[in-house]
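Chain by chain, the residues:
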Amino acid sequence: MDVNAVQIQMPTAASQQETSSVQDAPMTAKPALPLPRPALSSASDLLKLLPTGTVLAFQALAPSFTNHGVCRAANRYLVLSLLGACAASCVLLSFTDSVLSRDGKLYHGAATFRGFYPFNFAGTREERDAAFRDLSRLRITALDFVHAFFSALVFLAVALADASVQGCLFPDAGPDVMELLVNLPLGAGFLSSMVFMVFPTTRKSIGYTDMAPHAQ
């Protein structure tokens, strides 16, 4: 027998059955990942309608004040104080504005019923009248109160959708209440978006995304 001859081994019946069983084995289906709740993306979109500083303050203080959802009586008072302070901040900042003077300097201030009061202008009344043109156009209107109310509403809806806040303020809430709290940002976002779209504001409020000041 030649040593260099190539030996070919024919497949046996056992090996054929093993191969066919491997090929016929069903593919293991990967478990489907759960779809994200729509409230999460809605809440992130609603944050764009709020002052950035207020949102950052809430996100920084809420985990500590709520004790990550495990609240005592003192934690509940802290959370309620935080919600009240941030909601008041949203309301007050809705009445602020930014304006450029005639020489190109930027001034922040608050709208009044007569006009606009710049915070960082230290001149006299005559100098202020010379530096700015017709500040009466920036006075408070009824639309400012509408936007202030809906800004506070949006913040409270987003805050109450936080799991730690829910666990702190509503520890014994049933499934119906929890479902309402989860879907609350959706309703608040739709209503507020409709109001802001139908009644847009020209305010360049402090802390908001649109900070381009009014030109003189």
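Residues numbered from 1 in each chain as written. Predicted model: local features only at pLDDT ≥ 70, side-chain atom pairs only at ≥ 80, totals over all residues. Heavy atoms only, no water.

- Heading Subcellular location (unreviewed entry) of the UniProt record for the protein chain holds this comment: "Membrane".
- Within the UniProt record for the protein chain, the comment given under Sequence similarities (unreviewed entry) is "Belongs to the plant DMP1 protein family." (UniProt positions renumbered as here; feature names shortened; annotations may be inferred.)

## Things to note about the state of the cysteines
Point 1. Tallied over the entire structure, the rule returns one disulfide.
Point 2. Sulfur-sulfur distance for the disulfide between C71 and C168 comes to 1.9 Å. An S-S torsion of about -115 degrees defines the bridge between C71 and C168 as left-handed. With C71 in the loop between helix 3 (52-65) and helix 4 (73-93) and C168 in helix 7 (residues 163-169), this residue pair connects regions lying 97 residues apart in the sequence. Neither C71 nor C168 differs from the other in exposure class; each is buried.
Point 3. Lacking any disulfide linkage, C86 is separated from the closest cysteine sulfur, that of C90, by 7.0 Å.
Point 4. In this structure C86 comes out as buried when scored by relative accessible area, which is 5%.
Point 5. The class of C90 is buried, set by a relative accessible area of 0%. (Disulfide = S-S within 2.5 Å. Helix = DSSP H or I, 4+ residues; strand = E, 2+ residues; numbered from the N terminus. Buried < 20%, exposed > 50% of the residue type's maximum accessible area, 1.4 Å probe, protein only.)

## Here's the deal with the packing of helix 3 against helix 4
Point 1. Where helix 3 meets helix 4, the closest approach of the two axes is 10 Å, and the angle between their N-to-C directions is 180 degrees. The angle between helix 3 and helix 4 falls in the class roughly antiparallel. Residues T54, F58, L61, A62, S64 and F65 of helix 3 form the contact with helix 4, whose participating residues are N75, L78, V79, L82, L83, C86, S89, C90 and L93.
Point 2. Here the residues of the contact of helix 3 with helix 4 are counted per class, giving 11 nonpolar, four polar and no charged. (Axes fitted to C-alpha atoms, helices over the stretch in contact; angles between N-to-C directions. Parallel < 35°, antiparallel > 145°, perpendicular 65-115°, else oblique. Contact = heavy atoms within 4.5 Å. Nonpolar A, V, L, I, M, F, W, Y, C, P; charged D, E, K, R; others polar.)

## As for the nonpolar core
Point 1. L50, F58, L83 and F155 are the most contacted members of the largest nonpolar core, which totals 20 residues.
Point 2. If you list the elements that add at least two residues to this core, you get helix 3, helix 4, helix 6 (142-160) and helix 7.
Point 3. Apart from residues no more than four positions distant in its own chain, L50 is found in contact with V55, C90, S151, V154, F155, G207 and Y208.
Point 4. Formed by eight residues, the second largest nonpolar core is a distinct cluster that contains V99, F116, F132 and L135. (Core = buried A, V, L, I, M, F, W, Y, C linked by side-chain atoms within 4.5 Å.)

## What to know about helix 3
Point 1. In a regular helix each residue adds 1.5 Å, so 14 residues correspond to 20 Å; helix 3 covers 20 Å between its end C-alpha atoms and thus fits that length.
Point 2. For helix 3, every residue scored as buried is listed here: T54, V55, F58 and A62.
Point 3. The inward-facing, buried residues of helix 3 abut helix 4, helix 6 and helix 7.
Point 4. Just past helix 3, the residue N67 takes up positive phi, approximately 55 degrees. (Expected span 1.5 Å × (residues − 1).)

## Notes on the packing of helix 6 against helix 8 (residues 175-198)
Point 1. Interaxial distance between helix 6 and helix 8 falls to 8 Å at its minimum, and their mutual angle equals 160 degrees. By the angle between their axes, helix 6 is roughly antiparallel relative to helix 8. Our pair here, helix 6 against helix 8, has a crossing hand that is left-handed. For the pair helix 6 and helix 8, the contacting residues are V146, H147, F150, S151, V154, A157 and L160 in the first and L181, L184, P185, A188, L191, S192, V195 and F196 in the second.
Point 2. When its residues are assigned to classes, the contact of helix 6 with helix 8 shows 12 nonpolar, three polar and no charged. (Left-handed = near helix turned anticlockwise from the far one by under 90°.)

## Some words on the pattern of salt bridges
Point 1. Overall, the coordinates contain two salt bridges when judged by the stated rule.
Point 2. Of the charged contacts in the structure, one is a salt bridge between R203 and D144, with a shortest N-O distance of 2.8 Å. Of the two residues, R203 sits in the segment after helix 8 while D144 sits in helix 6, which places them 59 residues apart along the sequence.
Point 3. Among the residues examined, R203 registers a relative accessible area of 11% and is labelled buried.
Point 4. On the basis of relative accessible area, D144 is assigned to the buried category, the value being 4%.
Point 5. A single salt-bridge network, built from bridges that share partners, covers D97, D144 and R203. (Salt bridge = Lys/Arg side-chain N within 4 Å of Asp/Glu carboxyl O.)

## A short note on the sheet that holds strand 1 (residues 96-100)
Point 1. Taken in spatial order, the three strands of this open sheet run 1-2-3, and their pairing is antiparallel. Because the sheet does not close on itself, it has two edges, and the strands there are strand 1 and strand 3 (116-118). Mean inter-strand twist for the sheet, computed between neighbouring axes without regard to direction, equals 40 degrees.
Point 2. Of the pairings in the sheet, the one linking strand 2 (residues 106-111) to strand 3 comprises three bridges and is antiparallel in character. Note that in strand 3 the partner of A111 across the bridge is F116. (Pairing = 2+ DSSP bridges.)

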